[in-house]
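Here is how the chains run, residue by residue.
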Amino acid sequence: GESVGLHLPTLSVQEGDNSIINCAYSNSASDYFIWYKQESGKGPQFIIDIRSNMDKRQGQRVTVLLNKTVKHLSLQIAATQPGDSAVYFCAALYDKVIFGPGTSLSVIP
Amino acid sequence: NAGVTQTPKFQVLKTGQSMTLQCAQDMNHNSMYWYRQDPGMGLRLIYYSASEGTTDKGEVPNGYNVSRLNKREFSLRLESAAPSQTSVYFCASSTDRGEKLFFGSGTQLSVL
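Let me sum up the structure you'll find in this document.

What counts and what doesn't
Residues numbered from 1 in each chain as written. Chains lettered and ligands numbered in written order. Predicted model: local features only at pLDDT ≥ 70, side-chain atom pairs only at ≥ 80, totals over all residues. Heavy atoms only, no water. Helix = DSSP H or I, 4+ residues; strand = E, 2+ residues; numbered from the N terminus. Rg over C-alpha atoms; globule rule 2.2 N^0.38 Å. Buried < 20%, exposed > 50% of the residue type's maximum accessible area, 1.4 Å probe, protein only. Contact = heavy atoms within 4.5 Å. Areas by Shrake-Rupley, 256 points an atom, 1.4 Å probe, with all protein chains shown as cover. Polar contact = N/O pair within 3.5 Å; in protein donor to acceptor, adjacent residues only side chain to side chain. Phe/Tyr/Trp six-rings, centres within 6.5 Å; stacked < 30°, edge-to-face > 60°. Buried area = accessible area lost by both parts, 1.4 Å probe. Salt bridge = Lys/Arg side-chain N within 4 Å of Asp/Glu carboxyl O. Pairing = 2+ DSSP bridges. Axes fitted to C-alpha atoms, helices over the stretch in contact; angles between N-to-C directions.

Re the overall build of chain A
Here's step 1: In terms of regular secondary structure, chain A is built from zero helices and eleven strands.
Here's step 2: Starting at the N terminus and walking to the C terminus, you meet the elements of chain A as β-β-β-β-β-β-β-β-β-β-β.
Here's step 3: Scaling as 2.2 N^0.38, a compact globule of 109 residues should have a C-alpha radius of gyration of about 13 Å, and chain A matches this with 13 Å.
Here's step 4: Taking the principal axes of the C-alpha coordinates as reference, chain A spans close to 40 × 25 × 20 Å.
Here's step 5: Considering chain A as a whole, with its 109 residues, one finds that 44% of them fall into the buried category.
Here's step 6: A fraction of 52% describes how many contacts in chain A between residues 6 or more apart in sequence connect residues 24 or more apart.
Here's step 7: Working note: accessible area of chain A is about 5200 Å², and carbon and sulfur atoms make up 47% of it.

Structure below.
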């Protein structure tokens, strides 16, 4: 079966530092991975995606790394800001989208 | 351009009552989804509709029914609500199957 999971349910970082949120997936059949951000009381919001033919993709202050050998992806947030405090979900597309349980990121001013 | 609109935002039901959650999107997306979110369990897919006229079961379909009324609207019905269905429900849509989902703001449902 397919499962997607995260290594840490919570993460605290100092404002200005870089954040790294990790995710593992069980089935290598997926060719598309996505990161979402969910702020309190809101629906998840798309951050960045990556296809399996890529190892790295960069957006504005965010980078996603994909290691297909160990079935692991990570989200890196540069110069973390208070507005980055949220729950972050990784997801993988199989015949349907499977979400991980989420990592709650807290930014310490 | 409102994106994905869900109604109601909050609802309290008694066990055995029925209700329908409404969802509409104005982005001309083909695919629509219903998820439930429970603490510590992420988002779990209830049902999805890859295109107008089709619906398919997700991970947790028991106790729910859906209707893809037209391309814009996708409703979720609880025929006989149970306390285990207390959750936050999210509707989402995407251009293509599973890619870059756009979510509504959610419905918080409590079943007593």
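A few points about the environment of B:Asp26
All names here are of chain B.
Here's step 1: Here Asp-26 shows up in the loop between strand 3 (19-25) and strand 4 (31-37).
Here's step 2: Polar contacts involving the side chain of Asp-26 include one to the main-chain amide nitrogen of Ala-2, which spans 2.7 Å.
Here's step 3: A polar side-chain atom of Asp-26 sits 2.9 Å from the main-chain amide nitrogen of Gly-3.

Focus on the packing of aromatic side chains
Here's step 1: This model, assessed by the stated rule, comprises twelve aromatic pairs over all chains.
Here's step 2: Between A:Tyr36 and A:Phe99 the ring centres are 5.5 Å apart and the planes differ by 40°, which places this aromatic pair in the tilted class. Taken as a pair, A:Tyr36 in strand 4 (residues 32-38) and A:Phe99 in strand 10 (residues 97-99) lie far apart in primary sequence, 63 residues in all. We note that A:Tyr36, like A:Phe99, is buried.
Here's step 3: When the centroid spacing of 6.4 Å and the interplanar angle of 20° are considered together, the rings of B:Tyr33 and B:Tyr48 count as stacked. Note that B:Tyr33 is positioned in strand 4 and B:Tyr48 in strand 5 (residues 43-49), a separation of 15 residues in sequence.
Here's step 4: Overall, B:Tyr33 belongs to the buried group, its relative accessible area being 3%.

Thoughts on the interface of chain A and chain B
Buried accessible area, meaning the area lost when the parts come together, often serves as the stated size of an interface.
Here's step 1: With 21 residues of chain A at the contact, the number on the chain B side is 19 residues.
Here's step 2: For the pairing of chain A and chain B, the buried interface totals around 1600 Å² over both sides, and the portion due to carbon and sulfur atoms is 58%.
Here's step 3: Area buried by chain A at its contact with chain B is led by A:Pro44, A:Lys96 and A:Phe99, which between them contribute 29% of it.
Here's step 4: Our count for the contact surface shared by chain A and chain B stands at one salt bridge.
Here's step 5: Where B:Glu99 meets A:Arg51, a salt bridge forms, and the shortest distance between an N and an O atom there is 2.9 Å.
Here's step 6: Our enumeration of links across chain A and chain B arrives at four residue pairs in polar contact (both at pLDDT 80 or more).
Here's step 7: Going through the elements one at a time, strand 4, strand 5 (45-51), strand 9 (86-93) and strand 10 of chain A are the ones with two or more residues in the side of chain A that touches chain B.

A word on the sheet that holds strand 7 (residues 64-68) of chain B
All names here are of chain B.
Here's step 1: Spatially, 1-3-8-7 is the arrangement adopted by the four strands of the open sheet, whose pairing is antiparallel. At either end of the open sheet lies a strand with only one pairing partner, and these are strand 1 (4-7) and strand 7. Within this sheet the neighbouring strands show an average axis-to-axis angle of 15°, counted without direction.
Here's step 2: The pairing of strand 1 with strand 3 spans four bridges and is antiparallel. The partner of Gln-6 across the bridge, within strand 3, is Cys-23.

Quick notes on the pattern of salt bridges
Residues and elements named next belong to chain B.
Here's step 1: One pass over the full model with this rule turns up eight salt bridges over all chains.
Here's step 2: Its salt-bridge partner being Arg-77, residue Glu-79 comes within 3.2 Å of it at the nearest N-O pair.
Here's step 3: Several salt bridges converge on common partners, so that one network encompasses Arg-36, Asp-38 and Arg-44.

Geometric values such as these leave the question of function open.
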